[in-house]
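A closer look at the structure
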Amino acid sequence: MSLEVPRPRGGLVPGSDGAAVPAREPEVTVELLRRYDRPGPRYTSYPTAVEFHAGFDEAAYREHLARASADRDAPLSLYLHLPFCEERCTFCGCMVIITKKREVAAHYLDYLHREIALLAEHLSGRRRVVQYHWGGGTPTYLSVPQIEALSATVSRHFDIQPGAEVAIEVDPRVTSFAQLETLRALGFNRLSMGVQDFTAEVQQAVNRVQGEDQTRALFERARELGYVSINIDLIYGLPFQTLDSFGRSVDAVVRMRPDRVAVYSFAHVPWIRGNQRRLRPEDLPSPETKLALFVEARQRFLDGGYQAIGMDHFALPEDELARATRSRTLHRNFMGYTVKPAPDMLGAGVSAIGDVAGAFAQNVKKLSQYYAALDAGRFPIERGYRLSPDDHVRRHVIAQLMCNFHLDGGDVSRRFGIDFDSYFARELEELRSGPVADGFLEVDGGRLEVTPRGRLFVRNVCMVFDRYLREKTSGTPVFSRTV
Ligand SMILES: C[S@@+](CC[C@H](N)C(=O)[O-])C[C@H]1O[C@@H](n2cnc3c(N)ncnc32)[C@H](O)[C@@H]1O
Ligand code: SF4
């Protein structure tokens, strides 16, 4: 049955599950949705983190850092993980530590300072940072003096370059004007604010009550302070969301005019995140409604003058992400979409992931292990992955498709010294009988182009190129659903 049929823009009709669905994107049908809505990675990396293994250890990481230090002038990305939150949002899929005990964070920071110094020590003078991000958890859990001290440590060991992307994630419920002012004075020029949904019923169901006025006040203060780019996060697929209520949240965001918006698909992974088990499955929207929620939000952002970026982001046309999309030069790493890719990325803090000289390395998640490693003068590496030549090719292919919805097979052949058509003969065959036949992808003389309707399903196109997914035989769920 068709989820949507062509009719004038703006009308709502009952969907297959009785929920109202928007009268747009007429080509998306329930059959296609069912066929493509299967567990799949978000491809913030390839190979994905599930391939990381303990065989890649601290010694391997040191070896990769040594290799990375060979070119002292090459730029770096730097990510710091600040895992603390006062309370847990029920939907949260991030690596967080919930505590109201401030001394826990103070102790953690002592070690984070040490890890930053240790990294710098092993990079033999390589210092230039072009992309720098504090993520969490909630980095504004830290007090103003803690923020200043951490920033000072980073500046002592690294050179944040003029024009660098310097970003922080803030939870408007716990962020003060004083923190915003301090961060701006320290050189932060990008903010990402968590909102998710402004509807009271949804907020209560996910244990995140956040007034629209409070969010808007913080947003406006950030504008006055001159943050170059402000992002707002929304999530679709949360309990009790309807097209109408989520549409109103989207409209409120459109009126605020953030430079960027992320509209994330709710990653429902209760087998990994125990806190999500508190959500009642019967309160969650059906897969059909979930897709319709995204379609609705997408249309409202487009109508509001935003440009679609990658799979699930939107940006004002003058924002650099929008410009990079138009010129097909968008990149993506663990920190999200970027126009300032550095060949290597350092991660510091529990669970942080680095990407150094052709290997991923992830830190331990437990505080006790993190402290023990640093006390012994070791990097707190838990696991990682050294990319093979084949991984590099596929990583490039997947990143191009995810970011720019386009792939030039000839360029891949030249870049990696392969013959694209024969190297990927099996994948191209699979694409022809799936995404191409369904109108999600066009293949023309070695060029792949994801169609506008296929953008919703770009993960599925990428999954065809994922060698590890192909080799998986276990039926255990690992990823959330694609839509
Ligand atoms: C670290 S939080 C942002 C900063 C701050 N902690 C906050 O919540 O405002 C990063 C973002 O991840 C997204 N997120 C968290 N859990 C998610 C899930 N299970 N599925 C999809 N997105 C999720 C939310 O949109 C959230 O704003
Ligand atoms: S969504 Fe943000 S505030 Fe909520 S628990 Fe996760 S990291 Fe903390």
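Residues numbered from 1 in each chain as written. Chains lettered and ligands numbered in written order. Predicted model: local features only at pLDDT ≥ 70, side-chain atom pairs only at ≥ 80, totals over all residues. Heavy atoms only, no water.

Next up on the list: the packing of helix H7 (residues 212-225) against helix H8 (residues 243-256). Between H7 and H8, the shortest axis-to-axis distance is 11 Å and the interhelical angle comes to 20 degrees. Classified by the angle between their axes, H7 and H8 sit roughly parallel to one another. Both H7 and H8 take part in a crossing whose hand is right-handed. Between H7, through Glu 212, Thr 215, Arg 216 and Phe 219, and H8, the contact on the second element is made entirely by Ala 252, Arg 255 and Met 256. In terms of residue class, the contact of H7 with H8 is built from three nonpolar, one polar and three charged. (Axes fitted to C-alpha atoms, helices over the stretch in contact; angles between N-to-C directions. Helix = DSSP H or I, 4+ residues; strand = E, 2+ residues; numbered from the N terminus. Parallel < 35°, antiparallel > 145°, perpendicular 65-115°, else oblique. Left-handed = near helix turned anticlockwise from the far one by under 90°. Contact = heavy atoms within 4.5 Å. Nonpolar A, V, L, I, M, F, W, Y, C, P; charged D, E, K, R; others polar.)

With that settled, consider the pattern of salt bridges. The final tally for this structure, using the stated rule, is 34 salt bridges. A salt bridge links Glu 181 to Arg 221; its shortest N-O distance comes to 3.0 Å. Linking Glu 181 in helix H5 (residues 177-185) with Arg 221 in helix H7, this pair joins segments that are 40 residues apart in sequence. The class of Glu 181 is partly exposed, set by a relative accessible area of 33%. A salt bridge links Asp 319 to Arg 260, with the nearest nitrogen and oxygen atoms 2.8 Å apart. With a gap of 59 residues between them, Asp 319 in the loop between strand S12 (313-315) and helix H10 (320-326) and Arg 260 in strand S10 (residues 260-265) connect regions that are remote in the sequence. (Salt bridge = Lys/Arg side-chain N within 4 Å of Asp/Glu carboxyl O. Buried < 20%, exposed > 50% of the residue type's maximum accessible area, 1.4 Å probe, protein only.)

This part takes up the site of ligand 1. Residues in close proximity to ligand 1 total 20 residues, the closest being Phe 91, Gln 196, Arg 208, Asp 233 and Ala 267. Gly 194 has a polar backbone atom sitting 3.4 Å from an oxygen atom of ligand 1. In isolation ligand 1 offers 560 Å² of accessible surface; the protein chains occlude 89% of this area. Put simply, the parts of the chain that give the shell around ligand 1 at least two residues each are strand S7 (159-170), strand S8 (190-196), strand S9 (229-236) and S10. Taken together, the residues of the shell around ligand 1 break down into eight nonpolar, eight polar and four charged. (Near = heavy atom within 4 Å. Polar contact = N/O pair within 3.5 Å; in protein donor to acceptor, adjacent residues only side chain to side chain. Areas by Shrake-Rupley, 256 points an atom, 1.4 Å probe, with all protein chains shown as cover.)

Okay, the sheet that holds strand S19 (residues 406-408) next. The strand order S19-S21-S20 describes an open sheet built from three strands, whose pairing is antiparallel. Strands with a single pairing partner mark the edges of an open sheet, and in this sheet they are S19 and strand S20 (441-444). Going across the sheet, the axis of each strand differs from the next one's by a mean of 10 degrees, ignoring polarity. Two strands pair when backbone bridges link them, and S19 and strand S21 (residues 447-450) are joined in this way by three bridges, in the antiparallel orientation. For Asp 408, the partnering residue across the bridge sits in S21 and is Arg 447. (Pairing = 2+ DSSP bridges.)

This paragraph deals with the site of ligand 2. Surrounding ligand 2, one finds Cys 85, Glu 87, Arg 88, Cys 89, Phe 91, Cys 92, Val 96, Gly 137, Thr 138, Asp 171, Arg 173 and Arg 208. Looking at the shell around ligand 2, its residues break down into five nonpolar, two polar and five charged.

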